Number of protein chains: 2
Amino acid sequence: MKDLPIILYIANKAGLHGTLTSSTVLLAAELDISQQTVSRKLQELDEEGSIKKQTTPVGVTLSLTEKGKGKLRMLHGELQQILNQQTNIAGIVKDGLGEGKFYMSQEQYKQQFQSLLNFTPYPGTLNLAVDKNGAEVFLAAKKQLYVSGFQTKERTFGGLKCYPVLIAKKIVGAVIVPDRTTHTLETVEIIAAANLRSILKLENGKEVAIQ
Amino acid sequence: MKDLPIILYIANKAGLHGTLTSSTVLLAAELDISQQTVSRKLQELDEEGSIKKQTTPVGVTLSLTEKGKGKLRMLHGELQQILNQQTNIAGIVKDGLGEGKFYMSQEQYKQQFQSLLNFTPYPGTLNLAVDKNGAEVFLAAKKQLYVSGFQTKERTFGGLKCYPVLIAKKIVGAVIVPDRTTHTLETVEIIAAANLRSILKLENGKEVAIQ
DNA sequence: ATTACTAGGTTCCGAGTAA
DNA sequence: TTTACTCGGAACCTAGTAA
């Protein structure tokens, strides 16, 4: 749309249906363009039918036309669509390998989780089968935190990415994606402060939504 | 915001967080500007930090930066505020003068209502006491229809403005404002296909929301 | 095939000023 | 005071091309 700043200014000051009494000089100052440009642009917007302009001896009176309102509504709709994308996915509970429990018991991991997520994870992860593409989009939209790897005298523990999420609309947790993961994003691992399986009464095959 | 069309295009195609693989030639065709302009604008948007651009031998790979997303969100918020103004008010049921019933029984009114509103009003109006200013803003935001006056051999019936509304979240009706009204907008008259008092179980003093 | 530079034409902006 | 015209200069766009 053309000359959006001016239309937005009018809409803000006058409301969608009201009128704005002002002057080209004042508008110029507020919009940080010259009085001449304001004058010209108001003419153009009027001719093109986006606004209605009445010139008086003491200034101008402006309001949006249906066409102008329509443009704002269209733009709003477009933005709505862009911004309100996939913000949740569902996954099916499935068996993990019991590794999660071992990892989540490591003190170094636990400390990092506590400081990054403000909770210490229950020792054990919930594995969810999800749509791979859906999960990628979903996680891309989330804030990514990073838990670094470390070494003990026995072995090396890798780093992992970590995305805070809300599980089943009420429990704060996180999706974790180990750097060297055994499964792709077809499966997603979830941690939380409590045992999700028990407090959500989950069994294999049940569906859980995360957001 | 500068170069909104390009940012919107990327956001539409790639989503907020995804990446778009394309070429300046293709973008030029879709946006109806020259390849050179696309090339330059992508450089500018990249330098200014609204998008991230990677140039490959076969085209460009684009994604929005946090700054770019922020701009979209800000614009969206602004539009939200403008568009989602007062879209409902509440009123207290009160006694009318019984005139409504007489007017709504007039065949010429009934026919016009039917064609404008797609319902024939129940013979009688519901009077609601509302906040005057609130009502003005509310009605200003509604589509205004006009029912013209007419004459019979006995007398003259005036025209009236008519605003389709939803009553109590479920019943389609309309606010009517006679051209020569006896009350100001402190009281609002409502019509609907059915008897609102009975189907909503209303008595004087009860509150009704209209939107 | 790309991207993107240069050059020249067009559009746009705003200082000056008339009404 | 206004709005809005003229006109010179700045900004912007694209055809031609190099890489």
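What comes next concerns the included structure.

Criteria and cut-off values
Residues numbered from 1 in each chain as written. Chains lettered and ligands numbered in written order. Predicted model: local features only at pLDDT ≥ 70, side-chain atom pairs only at ≥ 80, totals over all residues. Heavy atoms only, no water. Helix = DSSP H or I, 4+ residues; strand = E, 2+ residues; numbered from the N terminus. Buried < 20%, exposed > 50% of the residue type's maximum accessible area, 1.4 Å probe, protein only. Contact = heavy atoms within 4.5 Å. Areas by Shrake-Rupley, 256 points an atom, 1.4 Å probe, with all protein chains shown as cover. Least-squares fit on C-alpha atoms with pLDDT ≥ 70 in both. Salt bridge = Lys/Arg side-chain N within 4 Å of Asp/Glu carboxyl O. Pairing = 2+ DSSP bridges. Near = heavy atom within 4 Å. Polar contact = N/O pair within 3.5 Å; in protein donor to acceptor, adjacent residues only side chain to side chain. Nonpolar A, V, L, I, M, F, W, Y, C, P; charged D, E, K, R; others polar.

A few words now on the overall build of chain A. Looking only at helices and strands, chain A has eight helices and twelve strands in total. Per-residue burial for chain A yields a buried fraction of 42% across its 211 residues. Pairs at least 24 residues apart make up 61% of the contacts formed inside chain A by residues separated by at least 6 positions. As presented, chain A carries roughly 11,300 Å² of accessible surface, and 50% of it is formed by carbon and sulfur atoms.

Quick look at the relation of the copies chain A and chain B now. You can overlay chain A on chain B at an RMSD of 1.1 Å; the transform is a turn of 179° with a shift of 0.2 Å along its axis. Within this description, the copies of the chain are treated as partners about a two-fold rotation axis. Considering only C-alpha atoms, the residue of chain A closest to the rotation axis is His76(A), which sits at 3.0 Å. Mapped onto chain B, 100% of the interface residues of chain A are again interface residues, and the two copies thus contact each other with one and the same surface.

Moving on to the pattern of salt bridges. Residues and elements named next belong to chain A. If you walk through the whole model with that rule in mind, you get 18 salt bridges over all chains. One salt bridge connects Lys 41 with Asp 3, and the closest N-O pair in it is separated by 2.7 Å. Taken together, the residues Lys 41 in helix H3 (residues 35-48) and Asp 3 in the segment before helix H1 (4-14) connect sequence positions 38 residues apart. Given the relative accessible area of 12%, Asp 3 is considered buried. Among the charged side chains, a network of salt bridges with common partners joins Lys 2, Asp 3, Arg 40, Lys 41 and Glu 44.

The subject of this paragraph is the pairing of strand E4 (residues 89-94) of chain B. Sheet analysis places E4(B) next to strand E12 (residues 207-210) of chain B, joined by four bridges and oriented antiparallel. Across the sheet, residue Ile89(B) finds its bridge partner in E12(B), namely Ile210(B).

Next up on the list: the protein's contact with DNA strand C. The environment of DNA strand C is formed by 18 residues, the closest being Gln36(A), Thr37(A), Arg40(A), Thr24(B) and Gln35(B). Taking the atoms of DNA strand C that fall within 4 Å of the protein, sugar and phosphate contribute 58% of them. Residue Lys41(A) places a side-chain N or O atom 3.3 Å away from a phosphate oxygen belonging to DNA strand C. Contributions of two or more residues to the surface near DNA strand C are made by H3 of chain A together with helix H2 (24-31), helix H3 (35-48), strand E2 (51-56) and strand E3 (59-64) of chain B. Within the surface near DNA strand C, the residues separate by chemical class into four nonpolar, eleven polar and three charged.

Moving on, we come to the protein's contact with DNA strand D. Taken together, 18 residues form the shell around DNA strand D, and within it Thr24(A), Gln35(A), Gln36(B), Thr37(B) and Arg40(B) come nearest. Put simply, 58% of the atoms of DNA strand D that lie within 4 Å of the protein are in sugar or phosphate. Within the side chain of Thr24(A), one N or O atom sits 2.3 Å away from a phosphate oxygen of DNA strand D. In terms of residue class, the surface near DNA strand D is built from four nonpolar, eleven polar and three charged.

By themselves, these are just geometric observations and shouldn't be taken as functional.
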